[in-house]
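Geometric and topological summary
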Amino acid sequence: MFIDSLIELIGLMPKYGIKCFIDPHQDCWSRFSGGSGAPGWTFEAAGLDMTKFKATGAAYVHNTNQFPGDSPPMVWPTNYTKLAASTMFTLFWAGDTFAPNKTYQGVPIQQFLQNRYFECYRNLARRLSHLDAVVGFEVMNEPHPGYIGLDNLKRYDFNSNLFFGDCPSALDGFALGDGMTMPIDVWVKSWPLPTKKQRTRLVNTEKESAWFEGECLWKQHGVWSVNPKTGQPQVDKPDYFSKHPVTGEKIDFSRFYLDFIGKYSKAVQSAMPSAFVFVEPIPNEAPPVWGPGDHEENIVYAPHWYDLHSLFNKSFDGRITHDVQGLSKGKNVFAATYFGLKGARKNYRGQLSNILNTGLQNVGNKPCIIGECGIPMDINQRRAFLSGDYGHHSKFLDAVLSSLEANLLSFTLWNYNATNDNTHGDHWNGEDFSIFSLDSPQGSPGPDSRPSLRQQAPNFAKEVMKRSANSNADFSANMQIRRGGKEPAMAEIALDDEEEEIEKLDGQEGEEMFESIRVNEENLVANDSPFDRSYFRFEDEESDDGRHHESHIGGRALDAVVRPYAAKIAGEPISTEFDLETLQFTFRFCNYIQTPVPVVHVSSPPCERRVTSPSSDSSDSGGSTLNNSLQLPYLNPEFNSSFIGHPPEDTVIAFETEVFIPSYHYDDKSLEILVSDGDWRYVKERQTLYYRHKDMVPGAIHSIQIKPLSAPALALNHNNSSTPSVSGLTTPDGYSRSKTSKGTMEPSKLKTEKAYGSGGGGIDGKMKPEGETGCICTIM
């Protein structure tokens, strides 16, 4: 059933230009060990009794540690260093090495767990292989090595692990799981270090065992024992997880991980040969070094990145940020502190640059995408939930996204959660990252008589109630018409009155009408559960608040989320920059030095070739004139054409760059569009600028700048510099124009309704497909 629903969901994506990759999502191994991911039977296979995790401190699970004397509220990443998650990861990656005696159903535990993982995703890839929207599969979300490589079983490294709440060492965890009562340090938030030890408390006073067999697996393998004199746990093999138990060679987790990546990739690609495989390193650590023999085919480097300090403290005011990445590597706390929004961008740019460069060094020249990034929406004591002012959120997220853009990094934003609300957030371990919420507040209109889209933050729940009320009124009116055969004087009739009228009807007709009212009432009344409310959806329809209003209902921090970007580039990007304050967007790219090997192949149907010249205009099927200042063909996405350079057969090569210009920011604004050379056309209805550069010299640099004007444009702006350039102004009336500085050619004048057709118009009489600019998402 789940896979069927997933297929149905992904099947909708092409309509909206969305591509996705599948993420086998886990955190701390499983929901039963304080995160998400693997089913409960995996613990049973390893011999762990998950009903004893709370008593033994083997995991800190949400909503189970609520008794007096317990450590502070859970922060789920701390579970990575506790017995349950660490043991499972160790067995999963390297059970053959560290627990050779452990088997399940006669199969070594590592092989048992991995083989089922491979078959699970091989089957899923097979089921999804017919869906064009699926581009690939991730290996595993935020993998963790468990105990592998741990060289100190008596204390974890403070710089690379989160100390918060109960913080047992690996040895403490072994002893607690074996039924011993142990004093455990409790850590709390502090400054300038993130946490400090506050006290010690006794854990497992009930002397419960986390093992079905009653004895710790690692005790069975001789890692530790109980000192017969003191009765306390002692380490017998301190380097058990840092050196190979048999050969004595230094252990490197990367070797286990790379072997796993190879097997997983082959399993997925056996069912979906074209699938990309997205590989993520351990969070905040360098990726493994690819070597000869490691799987290379369609590998994508996909690390995650967050501002961990702001995430942990759930606060951001733009005054101070910290380089947690640097601190984890020993950087001085003062050198790792940045001030102001400018400092935040510098901080984030540097961290992301390190991630990118380390990936190029270790993984090689492979595609890179930041597989997760985002901000917690419940920052600053959730004040925005009441005020509706998401200003700090927008500045925070803009600093993150600007830093990604500065490094030319693609990314997927965490997250969009259709059930998010202000009470429970994302309904997972206290997190609240969703850019959508059922309870997003209504923003206050600005001074303008007609609020712009940027000033509108519609409340989803209020919108539901408004639509429900309208539907209720329509329903009552229809009931009146049905009974009396004529239109009532008032549409809103109380349901009690309707029931009295129904009582007068006889037999089956009355029963059917009463049942109709009952069902309608159930559909209109909002349920308490957000999972029920989330099924309310808005159909494609015009709104009094603007044609894009429906797309933004429930949005949070959309000022930063919705931003211009180059969706398709006829060359290689150099830089992209968006100023949230001024709304100025600047993009620079260059021609390829060598024509890249095409990666998209389509059939070559018979096609028209539309070439314009200074003396001849091209016309669309509606008869409107499309004046073009360049002697280059307009790229028509519906057809394959012949282009300069004679590309391989059945290959489409674009000479047109497309820039997304969101109406969210630029609706009802006059724009100044400056380009370095060539010709452009702005199709407002599609929120897209189409730019075709003129200089075809390899390596030639092109630039596009878009910014709103404070006053309506009255005339074309001419650039009289010596550098050839194109400039123009657009107005809110749907027209766009471009003109060369030399003035030798007439400006292109395209009315957007005719540029690609409105009701059958367009260059070739066809509408461009929806979602043409496209986006990519992760399915967890």
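I will try to describe carefully the structure that is included in this document. Just so it is clear, the model here is predicted, and its values are computed rather than measured. (Residues numbered from 1 in each chain as written. Predicted model: local features only at pLDDT ≥ 70, side-chain atom pairs only at ≥ 80, totals over all residues. Heavy atoms only, no water.)

1. What to know about the pattern of salt bridges
Oppositely charged side chains may form a pair once their charged atoms are brought near each other. Following the criterion strictly, the structure yields 19 salt bridges and no others. Taking the shortest distance from any N to any O, the salt bridge between Asp166 and Arg201 comes out at 2.7 Å. Of this pair, Asp166 sits in strand E5 (residues 165-166) while Arg201 sits in strand E7 (residues 195-203), and the two are 35 residues apart along the sequence. With respect to burial, Asp166 and Arg201 carry one shared label: buried. The residue Asp432 makes a salt bridge to Arg556 at a minimum N-O spacing of 2.6 Å. On the criterion of sequence distance, the pair formed by Asp432 in the loop between strand E15 (410-413) and helix H14 (460-484) and Arg556 in the loop between helix H18 (549-552) and helix H19 (558-561) is long-range, its members being 124 residues apart. Judged by relative accessible area, Asp432 falls into the buried class, the value being 1%. Exposure remark for Arg556: the relative accessible area of 1% places this residue in the buried category. Members of the salt-bridge network, linked through shared partners, are Arg345, Asp398, Glu405 and Arg563. (Salt bridge = Lys/Arg side-chain N within 4 Å of Asp/Glu carboxyl O. Helix = DSSP H or I, 4+ residues; strand = E, 2+ residues; numbered from the N terminus. Buried < 20%, exposed > 50% of the residue type's maximum accessible area, 1.4 Å probe, protein only.)

2. Re unusual backbone geometry
For the bond from Trp414 to Asn415, the omega torsion is 5°, close enough to zero to count as cis. Residue position: Asn415 is located in the loop between E15 and H14. The residue Asn429 is not glycine, and still its phi comes out positive at about 50°. Looking at where Asn429 falls in the secondary structure, it is placed in the loop between E15 and H14. In this structure Asn429 comes out as buried when scored by relative accessible area, which is 15%. The phi torsion at Gln687 lies on the positive side, around 50°, for a residue other than glycine. By relative accessible area, Gln687 is classed as buried at 16%.

3. Points about the sheet that holds strand E24 (residues 688-692)
Strands in a sheet are paired, the pairing made by backbone hydrogen bonds, and the direction either parallel or antiparallel. Strand order across the open sheet formed by four strands is E16-E21-E24-E23, with antiparallel pairing between neighbours. The outermost strands of the open sheet, each flanked by one partner alone, are strand E16 (565-568) and strand E23 (679-683). Each adjacent strand pair in this sheet contributes to an overall mean axis angle of 25°, direction not counted. One ladder, built from three bridges, connects E16 with strand E21 (residues 657-660); its direction is antiparallel. Its bridge partner being in E21, Ala566 is matched across the sheet by Val659. (Pairing = 2+ DSSP bridges. Axes fitted to C-alpha atoms, helices over the stretch in contact; angles between N-to-C directions.)

4. Observations regarding the packing of helix H11 (residues 340-362) against helix H13 (residues 391-406)
Where H11 meets H13, the closest approach of the two axes is 8 Å, and the angle between their N-to-C directions is 40°. Judged on the interaxial angle alone, H13 and H11 are oblique. Relative to H13, the crossing made by H11 is right-handed. Facing Leu341, Arg345, Tyr348, Arg349 and Leu352 of H11, the residues of H13 in contact are Lys395, Phe396, Asp398, Ala399, Val400, Ser402, Ser403, Leu404 and Ala406. By residue class, the composition of the contact of H11 with H13 is eight nonpolar, two polar and four charged. (Parallel < 35°, antiparallel > 145°, perpendicular 65-115°, else oblique. Left-handed = near helix turned anticlockwise from the far one by under 90°. Contact = heavy atoms within 4.5 Å. Nonpolar A, V, L, I, M, F, W, Y, C, P; charged D, E, K, R; others polar.)

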